[in-house]
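# Structural overview for review
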Amino acid sequence: MKTKNILAYILLFSALLFTACNSFEEASDAGEVNEIDVKISVQSLVPGVTSYEGFSITFKNVKYGTVYTSELSESSVTQLKVIPGIYQIDVSGEFIDESHDTYLLNGNKVNFPVVENGSTIDITVNGLRKNDLIFKEIFYAGTANNYFRNQFYEIYNNSEDQIIYLDGVHFANLAPLTATTKLPLWPAEDGDRYVYAERVWKFPGNGTDYPLAPGESCVISQFAANHQLPQYNPNSPINGFSSEFEFNMDNKNYPDQPAEDMVHVFYDGLAIKGSLPQYLTSVFGGAYVIFKPLAGDVYDPVNDTSMRTKDLSVTATKLYAKIPITYVIDAVEAGHNESMLTAKRVPAALDRGMTYVGATYNSLGVARKKVGEHKDGTPILQDLNNSTEDFDRGVVPEFRRYGSKMPSWNHTLSNK
């Protein structure tokens with residue numbers, strides 16, 4: 001009886017499967033789905049954009065992979081014909097402002113249903129000022145046992161022939177301090193125009209005091225000492241004495257070094273540094289930006305109350321500095337591990353990815369990938385605004401990797 005029942009079930013299942021296959025084949029032979037008309041309307045958050053000529057539009061069907069591409073004319077509205085479906089829609093382009101700064105503008109919609117004929121799809125684009133000043137290497141994880149004073153951030157001039165002056169460039173770590181899916185709640189009226197900093201510093205100088213030539217890099221250390229000395233941590237992978245700058249917190253236990261001091265700008269609504277014994281960013285990985293106010297702008301988050309805010313999701317009164325996205329030169333986000341990509345603090349317009357080293361106090365860092373060399377042998381580094389793709393992860397930290405040069409004004413050079 002059992003054998004007969006099993007045979008009957010097999011015959012029944014085969015008949016149903018045959019019917020289903022025939023139905024699928026009949027559906028696939030049905031007439032083609034008609035294309036529908038849709039309009040794309042683009043709005044820029046970067047001020048001054050009056051023409052969208054040359055901006056590209058890409059529709060990618062999520063299910064079938066079909067791609068439609070088009071370009072905008074000067075108008076911010078264009079019309080396309082597409083097959084109804086679920087799409088990823090991307091808009092990108094470049095804009096040069098009156099100060100001759102170039103912006104890379106991007107905007108998108110993910111898993112967006114395009115089903116209604118004649119509908120208008122609104123996309124907002126925002127972007128990063130195109131700049132050859134980039135984060136080259138970051139060491140944040142520290143060294144066993146629980147030693148973190150050797151954190152450093154190396155900034156590099158990736159251009160072929162352009163001197164970049166560090167004077168007035170700002171450095172900040174963004175809130176929250178570590179990657180988390182429980183993100184802060186910022187004021188709704190801010191829209192997508194800002195990132196939010198826990199602490200802000202800037203390079204000193206009067207405009208031309210600290211030139212960084214093509215192929216040169218500048219190291220900012222938490223504490224610019226030789227960390228391999230017995231009183232610190234002989235296991236440290238780096239000696240930080242040759243750093244150009246340090247984040248000096250006036251801690252007598254960690255005396256001021258020959259490196260220049262970064263200028264403290266903001267912490268919890270004040271310009272004073274506070275009582276913390278060191279400037280520590282998360283050993284799990286933080287989010288970091290370098291930025292510079294636009295020409296003619298004054299950036300003062302201490303006295304300009306419109307440039308600071310609270311986290312509205314908590315009752316705490318701590319203040320954070322608002323940094324306009326249009327000020328940002330480069331952004332890098334780091335997290336605990338690859339699974340934290342869902343906990344991003346940095347908008348995709350600035351950094352679409354996240355880098356990591358996988359553990360704390362493992363003496364490993366992240367270094368931007370080399371993709372070529374300038375004529376003088378200094379490296380050309382990858383900069384896709386995507387930390388997942390741009391950085392080699394889990395490398396032993398090293399100052400001036402790939403043969404990048406030290407600026408002539410470094411304190412260790414004889415002509416200083």
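Here the structure is a predicted model, which means the values were calculated and not measured.

Counting its secondary structure elements, the protein chain contains two helices and 26 strands. Taken over the C-alpha atoms alone, the protein chain extends approximately 85 × 65 × 55 Å along its principal axes. In the protein chain, 70% of the contacts between residues at least 6 apart in sequence involve partners at least 24 apart. Total accessible area on the protein chain is roughly 20400 Å²; 52% of this is exposed by carbon and sulfur atoms. Of the charged side chains in the protein chain, 34 are positive and 50 negative, and the gap between their average positions amounts to 7 Å.

The next subject is the sheet that holds strand E2 (residues 56–61). Remark on secondary structure: sheet strands pair via backbone hydrogen bonds, oriented parallel or antiparallel. Taken in spatial order, the seven strands line up as E3-E2-E5-E6-E7-E1-E4 in an open sheet, and their pairing is mixed. Whereas interior strands pair on both sides, the edge strands pair on one side only; in this sheet they are strand E3 (67–71) and strand E4 (77–82). Shown here is a sheet whose adjacent strand axes are inclined to one another by a mean of 25°, direction ignored. Pairing of strand E6 (residues 102–114) with strand E7 (residues 119–130) involves five bridges; the strand directions are antiparallel. When the bridges of E7 are listed, Asn106 appears paired with Asn126.

Turning next to the side chain of Asn410. Here Asn410 shows up in the segment after strand E26 (391–395). Within the structure, Asn410 has its side chain in polar contact with the side chain of Glu244 (distance 2.5 Å).

Turning our eyes to something else, we now look at the side chain of Glu246. Take Glu246: it is sitting in strand E15 (residues 245–246). Within polar-contact distance, the side chain of Glu246 engages the backbone nitrogen of Ala224 at 2.9 Å. A polar contact is formed between the side chain of Glu246 and the backbone nitrogen of Gln257, at a distance of 3.2 Å. Setting aside its immediate chain neighbours within four residues, Glu246 contacts Ile220, Ser221, Gln222, Phe223, Ala224, Asp256, Gln257, Ala259, Glu260, Asp261 and Met262.

Among the five residues that make up strand E11 (residues 170–174), five are buried, leaving the element largely enclosed by the rest of the structure. What you see with E11 is no split at all: His170, Ala172 and Leu174 on one side and Phe171 and Asn173 on the other are buried throughout. One ladder, built from five bridges, connects E11 with strand E12 (residues 194–202); its direction is antiparallel. Paired with Asn173 across the strands is Arg199, a residue of E12. The pairing of E11 with strand E18 (residues 287–291) spans four bridges and is antiparallel. Bridge pairing in E18 places Ala172 opposite Val289.

Now for the pattern of salt bridges. The tally for this structure, following the rule as stated, stands at 15 salt bridges. Between Arg401 and Glu137 there is a salt bridge, and its shortest N-O distance comes to 2.8 Å. Separated by 264 residues along the polypeptide, Arg401 in the segment after E26 and Glu137 in strand E8 (residues 133–139) bring together distant segments of the chain. On the basis of relative accessible area, Arg401 is assigned to the buried category, the value being 12%. Residue classification places Glu137 among the buried positions, given a relative accessible area of 1%. Lys344 serves as the salt-bridge partner of Glu333, at 2.8 Å between the closest nitrogen and oxygen.

On to the sheet that holds strand E14 (residues 217–221). Taken in spatial order, the seven strands line up as E16-E15-E14-E9-E8-E23-E26 in an open sheet, and their pairing is mixed. Looking at the sheet topology across the chains shown, the edges are occupied by strand E16 (260–261) and E26.

With five of five residues buried, E18 is to be regarded as a mostly interior element. Burial of the side chains of E18 extends over both faces: Ala287, Val289 and Phe291 are buried on one face and Tyr288 and Ile290 on the other. Pairing analysis gives five bridges linking E18 to strand E21 (residues 328–335), with the strands arranged antiparallel. Its bridge partner being in E21, Phe291 is matched across the sheet by Val328.

This brings us to the packing of aromatic side chains. Aromatic ring pairs: the centre-centre distance and the angle between the two ring planes describe each pair. Applying the stated rule across the entire model yields 27 aromatic pairs. With centroids separated by 5.6 Å and ring planes inclined at 70°, the aromatic side chains of Phe59 and Tyr87 adopt a geometry described as edge-to-face. Of the two residues, Phe59 sits in strand E2 while Tyr87 sits in strand E5 (residues 85–96), which places them 28 residues apart along the sequence. Taking relative accessible area as the criterion, Phe59 reaches 0% and is therefore assigned buried. Feature note: the residues Phe135, Tyr153, Phe171, Trp201, Phe247, Tyr279 and Tyr288 constitute an aromatic cluster, connected by ring pairs. Over the ring of Tyr254 we find Arg149, and its NZ or CZ is 4.0 Å from the ring centre. The ring of Tyr194 has Lys322 lying over it, and the distance from NZ or CZ to the ring centre is 4.7 Å.

Turning next to the nonpolar core. Membership of the largest hydrophobic core comes to 53 residues, with the highest contact counts inside it found for Phe59, Val114, Phe291, Ile323 and Val328. A per-element tally of this core places E12 first, with five residues. Here Val114 is in contact with Ile36, Val38, Phe59, Val82, Pro84, Gly85, Tyr87, Ile89 and Ile121, once residues within four sequence places are set aside.

A residue-level look at the protein chain finds 91% of positions with pLDDT of 70 or above and a mean pLDDT of 88. For the stretch residues 9–31, pLDDT sits under 50, and the model shows zero contacts to residues farther than four places along the chain or on other chains.

How each quantity is defined
- Residues numbered from 1 in each chain as written.
- Predicted model: local features only at pLDDT ≥ 70, side-chain atom pairs only at ≥ 80, totals over all residues.
- Heavy atoms only, no water.
- Helix = DSSP H or I, 4+ residues; strand = E, 2+ residues; numbered from the N terminus.
- Contact = heavy atoms within 4.5 Å.
- Areas by Shrake-Rupley, 256 points an atom, 1.4 Å probe, with all protein chains shown as cover.
- Lys, Arg positive; Asp, Glu negative; His and termini not counted.
- Charge placed at Lys NZ, Arg CZ, Asp CG, Glu CD.
- Pairing = 2+ DSSP bridges.
- Axes fitted to C-alpha atoms, helices over the stretch in contact; angles between N-to-C directions.
- Polar contact = N/O pair within 3.5 Å; in protein donor to acceptor, adjacent residues only side chain to side chain.
- Buried < 20%, exposed > 50% of the residue type's maximum accessible area, 1.4 Å probe, protein only.
- Salt bridge = Lys/Arg side-chain N within 4 Å of Asp/Glu carboxyl O.
- Phe/Tyr/Trp six-rings, centres within 6.5 Å; stacked < 30°, edge-to-face > 60°.
- Lys NZ or Arg CZ within 6 Å of the ring centre and 35° of its normal.
- Core = buried A, V, L, I, M, F, W, Y, C linked by side-chain atoms within 4.5 Å.
- pLDDT = per-residue confidence, 0-100.

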